[in-house]
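Here is what each chain is made of, one letter per residue.
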Amino acid sequence: MPYQEPEFLPWDGRRVPITFVGGYLGAGKTTAINALLAHVDRPIAVLVNDVGTINVDAALVGRRRGDTIELTDGCVCCSLIDGFGAAFDQLRSRPEPPDHVVVELSGLAEPERVVPWGSTAGFVLDGVVIIAAADQLLAAPDPVRTAIESQLTAADLIVLSKIDLADDARIADARRRVAEIAPGTPVVESARTGSLAIGSLLSLGGRRPGGVADVPAPTLFDAHDVRMVPLPGDLRLHDVAAAVDDALARFDGVVRAKGVVTPTDGPPQLIQVVGTRREITPLPEAEQQPATALTVISLRS
């Protein structure tokens, strides 16, 4: 039976941002999810193919129920074994929504096939992060390399992982290859043993005190600059995109930006930037808030 969207929106119309984390087998996705669960300070939901692969610290586990792990800090890990529809239905049945959903894709998944789930009822796409191991990118056999390259083209943000396993020349080659495959896509780098800091890069926490547009300063990954860029208060709706482009053009390596602008001739607009993806959409009534400056997070040179 085909999946059907629910007739009514959950949580009074509020939307929970979704981040998809992909990458080939062995790239470090589970390591990233573990680092996220160990450091996040707000309730999130993690959807994975097998909850047994997530080695959550026993001190954080509140209870286990079948394919679900409830954590003491309000986070929840749910299995995707019955499909995306069942997993999202399970989340929608919760009286309180999580602040963010992180979906760990299988190593063979094609991100563009699952991204439409980012707009399922009650949720909104935040971005696609692809983790690529530096050693795999260059030394893998052709079928594997082709799969990795296909995943990279779908990324809003790329994490080049395991750079401690390659010498300087191979790291430089990996950087060049990523730039060829996904030109313009921001890239961050991580050693095998380091935290990938997905939480800070994607600003987990969709409804923090500052509202839907709040982007907290990074705390787990220190190679960022965070700037507040005021947008003109007299913008017309058709000028908003150009104003955002002008603001972002001042910085190199922008990985994240968010803000709310109220045009003089239209409803408030939510500005969301993750890597190469930029969206300017009407702010839902359930998320109404005053206009804000544009918060821009960029890589520190």
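Just so it is clear, the structure is predicted and the values come from calculations on it, not from any experiment.

Trainee: Looking at this model, I keep getting lost on the overall build of the protein chain. Mind explaining?
Mentor: Within the protein chain, the regular secondary structure consists of eight helices and 14 strands. Out of the 301 residues in the protein chain, the part that is buried amounts to 52%. At a minimum sequence separation of 6, the contacts of the protein chain that also span at least 24 residues come to 74%. Accessible surface, the protein chain: about 13500 Å² in total, of which carbon and sulfur atoms supply 52%.

Trainee: Teacher, can you tell me more about the sheet that holds strand β14 (residues 294-299) here?
Mentor: Adjacent strands of a sheet pair through backbone hydrogen bonds, lying either parallel or antiparallel. Judged by pairing direction, the sheet is antiparallel, and its five strands sit side by side in the order β10-β14-β11-β12-β13 without closing on themselves. Since the sheet does not close on itself, it has two edges, and those belong to β10 (224-229) and β13 (277-282), each with one partner. Sheet twist, expressed as the mean angle between neighbouring strand axes with direction ignored, is 10 degrees. Bridge analysis of strand β12 (residues 269-274) against β13 gives six bridges, and the strand direction is antiparallel. Bridge pairing links Gln 269 to Pro 282 in β13. The strands touched by helix α8 (residues 240-248) within the sheet are β10, β11 (254-261), β12, β13 and β14, with β13 carrying the most contacts at an inclination of about 145 degrees.

Trainee: Whenever I open this one, the pairing of strand β6 (residues 100-104) confuses me. Can you help?
Mentor: Side-chain direction in a regular strand flips from residue to residue, so the side chains alternate between the two faces of the sheet. Counting buried positions along β6 gives five out of five residues, so the element sits mostly inside the fold. Alternating positions in β6 separate into two faces, His 100, Val 102 and Glu 104 on one and Val 101 and Val 103 on the other, with burial throughout. Sheet topology note: the strand β1 (residues 16-22)/β6 ladder contains four bridges and is parallel. Across the sheet, Thr 19 pairs through a bridge with Val 102, a residue of β6.

Trainee: Would you mind going over helix α5 (residues 142-152) with me for this structure?
Mentor: Residues spaced three or four apart along an α-helix face the same direction, because each turn holds 3.6 residues. Listing the buried residues of α5 in full gives Val 144, Ile 148, Glu 149, Gln 151 and Leu 152. Buried positions in α5, seen along its axis, are confined to an arc of 160 degrees and lie on one side of it. Facing away from the buried surface of α5 by more than 90 degrees, the exposed residues are Asp 142, Pro 143 and Thr 146. Looking at the buried residues of α5, the elements they touch are α3 (111-114), β7 (123-133), α4 (134-139), β8 (157-161) and α6 (168-181).

Trainee: Can you walk me through the nonpolar core in this structure?
Mentor: Nonpolar side chains tend to gather and get buried jointly when the protein is soluble and globular. With 40 residues, the main nonpolar core has Phe 20, Leu 47, Leu 91, Val 101, Val 103 and Leu 152 as its most contacted residues. Element by element, the count of residues in this core is highest for β7, at five residues. Not counting chain neighbours up to four residues away, the residues in contact with Val 103 comprise Ile 18, Thr 19, Phe 20, Val 21, Leu 47, Leu 80 and Phe 84. Within the second largest apolar cluster, 24 residues are counted, among which are Val 40, Ile 44, Val 51 and Val 129.

Trainee: I would appreciate a short explanation of the pairing of strand β5 (residues 76-79) in the present structure.
Mentor: Alternating residues of β5 divide into Val 76 and Cys 78 and Cys 77 and Ser 79, and every residue in both groups is buried. Relative to β5, strand β2 (residues 44-48) runs parallel, the two sharing four bridges. Bridge pairing in β5 links Leu 47 to Cys 78. By the bridge criterion, three bridges tie strand β4 (residues 68-71) to β5 in an arrangement that is antiparallel.

Quick notes on the rules
Residues numbered from 1 in each chain as written. Predicted model: local features only at pLDDT ≥ 70, side-chain atom pairs only at ≥ 80, totals over all residues. Heavy atoms only, no water. Helix = DSSP H or I, 4+ residues; strand = E, 2+ residues; numbered from the N terminus. Buried < 20%, exposed > 50% of the residue type's maximum accessible area, 1.4 Å probe, protein only. Contact = heavy atoms within 4.5 Å. Areas by Shrake-Rupley, 256 points an atom, 1.4 Å probe, with all protein chains shown as cover. Pairing = 2+ DSSP bridges. Axes fitted to C-alpha atoms, helices over the stretch in contact; angles between N-to-C directions. Arc of directions from axis to C-beta. Core = buried A, V, L, I, M, F, W, Y, C linked by side-chain atoms within 4.5 Å.

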